[in-house]
Structure formats: C-alpha cells, structure tokens
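These are the residues of each chain, in order.
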Amino acid sequence: MPCMAVPAPVGPWDNDTIAMTEPVMPEPVMGVPIDICLAAPCPPYAPPPVQTTRGRRKTKLCKLWQENRCRRRRCPFAHGEAEIRVMIADDKQGEEKPWMKDVDEETTEVNALANFMAPNNLQRSQRMAMRDLIQHFVMENIEREATTKVTGQCAVNLDAFDTDLDLVVEGGVDAYPGEYQTRLATVLSTVGVMTCIHMRGDQPFVTFDSCQMAVVNGRWASSYFKVNITFRSGSCPERKEVSVMQMALNKYKTQRAIVPVIIALLRSSSNACAIPEKALLIMSLAFLEHSRTHPSFYNLQWVVTEFFRFYSNFDFRKHEVCVQDTPFPLKEAESDEVIIRGFMDRVIMAPGHEVAKCKKTFTVIYNKLAQNSASDKCLFHGLVSDELVNQRNYFLGEFQE
C-alpha cells in the first residue's frame, strides 16, 4: 500500500516568541495505520556511478561535435555530457599516452603519433645548419662551385627524430673514384671530427655523428643524428629520387602521416624484421595507390589498420612492391625474398628479409590494432614501446628519470 504524503506543519506565528505553535497532526486515513502515514522518508537520491577512464579519453566535450562537424568513428572526446568520464589519476596503467598530451579536437590519434615521432624545430634547424657547414667545408677545401643538397626523408619532411641526414654534393670531377670523399674526410679530421667511408652500392660516402661538430661549435654537443655525404660529378639520382618522391607524396597530403606511424609501430614490435625506412615508404605509397578509391580512405585509423592487414595477407613470394604504374608487379620467378623497388627502380630490400618473418610481424600488429579498435583503448595501446618513447625523449632533450 503506498505511503501517504505528510503535509508540512502549519500554524500561526507567535510574534512574541518568534516560534511556531504546535503543528496540527494529520487525521488518520480510513484503513491506513497512523505509523504508515508517519513512516520515515524515502532514502536520499543516489546519483548514477561516475564513469571513469584511463588517460584523458572522453574527459572533455568534443568541440567539433558541438558544431555538428565531428565525423570521427572513434572520437577521443565526449559527445554530450552523458559520455564525459573522470580520469583515474592514480592508475599507472591509465596514464595518458605521451603522444596524446596537449592534442586538440582537430588532431587524430594517427596525426598525434606522427607529430610525436617527428623532429622538433631545433632538430630541423640543426640539420639545415649542418648542410650549410658541410657546404662551407666543401667550398673552402674541395670545389668552389659545388653545391650541397639535402636528400632522403629529410628532404620531404618524413624524417623521424633520429633519421640520418643524407647530403649530396654536386659539381666537380673526381680525379679518381672516391677522391672527394677522401679529401673531405681529411679536412674534417684536421678539426677533430672522426669520419668513416662506406659503400652504398658502388658509391662511396662519408659518414660521421653530428655531435662531433662540437669541436667546431659547442652547440653541436646536443645534436644526435648521423650525417651521410655523397659526391656526384654528373647526374644526381638522389636528387631525381627526391623529386619523384615529392610528387608521389603530394597526391596523399592527408594520408602521408601514416609513414612515421608505421615506422614507429614496426620499431616497437618485438617481432620486427629489419625493414629499411625507405622500403616502408615505398610500401606505404604502393598501398595508398592501391586503396585510394576505398570509401574509408580519408579515415587515417582505417588506413593504418588496413595497411597491416593488407601486407599480412600479401603474396610476397609472387609479387614485388614498387611505386610505378603497377604497384605490385609479378616477380620473374617465385622466391622467399621480399623485394621492394625504389623510385629509380633500384632494389632497396632483397636477401635477408624472409616472407614468413615479415608477414608474421604485420599480422601481430594488425591483430593488436583490431583489438584496440574494438575496445575503448587508444588505437596504439600496447604497440609503442617505452624504449622508443624514452629514446625519442632523449634525442629531443625531454628525457626524465
């Protein structure tokens, strides 16, 4: 039987005592005991339990959603007050992922990790200053008319925090093969920079660590990248390669962010096979060319996940990977080697990279990405190693004990 409401106490005010007279007790309701009518009040209202989260996911409202512009399938921000969660600050496993710190609503998880892996402004300025310094050494000691150009990934802004600086010196004619490399190595040794001369194919190049330039200027002591210098007296295939590479990347201005992300995931994988970064760039561009008509092509989360799914099922025994008109041409003969052809049709990945090992690596990463996508975790949860994060922080001067 329902509890009858008890009316509020009523009675005239006594102005002399500033108090209320005795309240008038309610009359019993026919058939209802008085103790039920005067039963204790209902328990106080209990709000629903607070939703919690690991990290900062869903802890702020999405500004794009408020403007009816959010099109992300897994938005890291809350769509409405009901989705807002409280971060568990004392949960070590729930600490915010370092690449997701200070990101805004416009930044996807893929772009956040790509930016995290990129060199900072100081590193970029150091690389350009190194180019100018080598140009000075070459002009003063080897060839006045020579010019020094940046090639490789640094030339197309796809370099990571520890990517080598590749330079090519154009101009002049060697008296004998490797003459200019030897002369540059001698000049650098006179100022205290120790160099080595290695071979890339049939082309010798000079290499040294940038921090050794501290003997010239103490500011170089904080730089951590390797410098590789090649000399060309005639046509320069490295410069042509940069031009072709830039044209290919211009077709995918949004999707190019997947390249440093893929490199980071493979570097962190315990199953990783040693795939050169340039080979991963070729594989990425070939995949983008193959998938560009897919309806989810502008969803970077889908692009990264599909990249690993695609190559985990790819028939490396029968097909090569390249960036020509046909991204995946047939091999001349089936083999267990993974063959990646560069922009100038040079093989940059061949013996030593077995099909089974590469496919296993891609499969492991794809399964983890799919698992994270199906849950409420960060897309790259468990895929970026602490070792890589600490290495990146050390290179950028952000290392903390």
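Everything numeric in this text was worked out from a predicted model, so none of it was measured.

**Student:** How should I be thinking about the overall build of the protein in this particular structure?
**Tutor:** If you tally the helices and strands in the protein, you get 11 helices and 11 strands. Taking as baseline every contact in the protein between residues at least 6 positions apart, the subset at least 24 positions apart corresponds to 59%. Within the structure as shown, the protein displays about 22400 Å² of accessible surface, and the carbon and sulfur contribution to it stands at 53%.

**Student:** What is the right way to look at the pairing of strand β7 (residues 196–200) in this model?
**Tutor:** Strand residues, when the strand is regular, have side chains that alternate between the two faces of the sheet. With five bridges joining them, β7 and strand β8 (residues 203–209) adopt antiparallel strand pairing. Bridged to Ile197 within β8 is Val206. Hairpin connection between β7 and β8: a loop of two residues separates the two successive antiparallel strands, and Gly201 in this loop has a positive phi of roughly 70°.

**Student:** It is not clear to me how a nonpolar patch on the surface should be interpreted in this structure. Could you clarify?
**Tutor:** A cluster of nonpolar side chains, contributed by Val191, Val215 and Val216, occupies part of the molecular surface with about 210 Å² of accessible area. Relative to the helices and strands, Val216 is located in the loop between β8 and β9 (226–232). Given a relative accessible area of 41%, Val216 falls into the partly exposed group.

**Student:** What should I look at first to understand the environment of Arg309 in this one?
**Tutor:** On the secondary structure map, Arg309 appears in helix α9 (residues 300–312). By relative accessible area, Arg309 is classed as partly exposed at 28%. The spacing of Arg309 and Phe362 is 53 residues in sequence and 7.0 Å in space, taken between C-alpha atoms.

**Student:** Would you explain the environment of Met139 in this entry?
**Tutor:** On the secondary structure map, Met139 appears in helix α4 (residues 121–141). With residues near it in sequence (within four places) discarded, Met139 still touches Arg144 and Ala146.

**Student:** I'm lost on the sheet that holds β7 in this one. Help?
**Tutor:** What links the strands of a sheet is backbone hydrogen bonding, and the strands pair in either a parallel or an antiparallel sense. Reading across from one edge, β5-β6-β9-β8-β7 is the order of the five strands in this open sheet, with mixed pairing throughout. The sheet terminates laterally at β5 (147–151) and β7, the two strands that pair on one side only. In this sheet, neighbouring strand axes are inclined to one another by 30° on average, regardless of whether the strands run parallel or antiparallel. Sitting on the sheet, α4 is in contact with β5, β6 (165–170), β8 and β9, with an inclination near 150° to β5.

**Student:** What is the right way to read the packing of aromatic side chains from this model?
**Tutor:** Aromatic ring pairs are defined here through the distance separating the ring centres and the angle between the ring planes. One pass over the structure, following the stated rule, counts 23 aromatic pairs. Residues Trp99 and Phe116 carry aromatic rings whose centres are separated by 6.4 Å and whose planes lie at 65° to one another, so their mutual orientation is edge-to-face. Of this pair, Trp99 sits in the loop between β4 (86–87) and α3 (109–117) while Phe116 sits in helix α3, and the two are 17 residues apart along the sequence. Residue class for Trp99 comes out buried when judged on its relative accessible area of 5%.

**Student:** Is there a simple way to think about the packing of helix α7 (residues 258–268) against helix α8 (residues 277–291) in this case?
**Tutor:** How two helices pack is summed up by the angle between their axes together with the distance between the axes. The contact between α7 and α8 brings their axes to 10 Å, and the two run at 125°. With respect to α8, the axis of α7 lies oblique. Crossing of α7 over α8 shows right-handed handedness. Of the residues in α8, those touching α7 at Ile258, Val259, Ile262, Ile263, Leu266 and Arg267 are Glu277, Leu280, Leu281, Ser284 and Leu288. Here the contact of α7 with α8 is composed, by residue class, of eight nonpolar, one polar and two charged.

**Student:** Where do I start with the nonpolar core in this structure?
**Tutor:** Across soluble globular proteins, you tend to see nonpolar side chains buried next to one another. Membership of the largest hydrophobic core comes to 65 residues, with the highest contact counts inside it found for Leu265, Phe308, Tyr311, Val321 and Phe380. Listed by contribution, the elements that provide at least two residues to this core are α3, α6 (237–250), α7, α8, α9, α10 (355–374) and α11 (386–395). In terms of residue count, α8 provides more of this core than any other element does, nine residues in total. With 25 residues, the next largest nonpolar core counts Val150, Leu167, Phe208 and Val227 among its residues.

**Student:** Sorry, what's going on with unusual backbone geometry here?
**Tutor:** Generally, phi is negative for residues other than glycine and the peptide bonds are trans, each holding for most cases. In this structure, Asn157 is a non-glycine residue whose phi angle is positive, near 60°. Relative to the elements of secondary structure, Asn157 occurs in the loop between β5 and β6.

What counts and how
- Residues numbered from 1 in each chain as written.
- Predicted model: local features only at pLDDT ≥ 70, side-chain atom pairs only at ≥ 80, totals over all residues.
- Heavy atoms only, no water.
- Helix = DSSP H or I, 4+ residues; strand = E, 2+ residues; numbered from the N terminus.
- Contact = heavy atoms within 4.5 Å.
- Areas by Shrake-Rupley, 256 points an atom, 1.4 Å probe, with all protein chains shown as cover.
- Pairing = 2+ DSSP bridges.
- Patch = residues over 30% accessible without salt bridge, like charges linked within 9 Å, V, L, I, M, F, W, Y side chains within 5 Å.
- Salt bridge = Lys/Arg side-chain N within 4 Å of Asp/Glu carboxyl O.
- Buried < 20%, exposed > 50% of the residue type's maximum accessible area, 1.4 Å probe, protein only.
- Axes fitted to C-alpha atoms, helices over the stretch in contact; angles between N-to-C directions.
- Phe/Tyr/Trp six-rings, centres within 6.5 Å; stacked < 30°, edge-to-face > 60°.
- Parallel < 35°, antiparallel > 145°, perpendicular 65-115°, else oblique.
- Left-handed = near helix turned anticlockwise from the far one by under 90°.
- Nonpolar A, V, L, I, M, F, W, Y, C, P; charged D, E, K, R; others polar.
- Core = buried A, V, L, I, M, F, W, Y, C linked by side-chain atoms within 4.5 Å.

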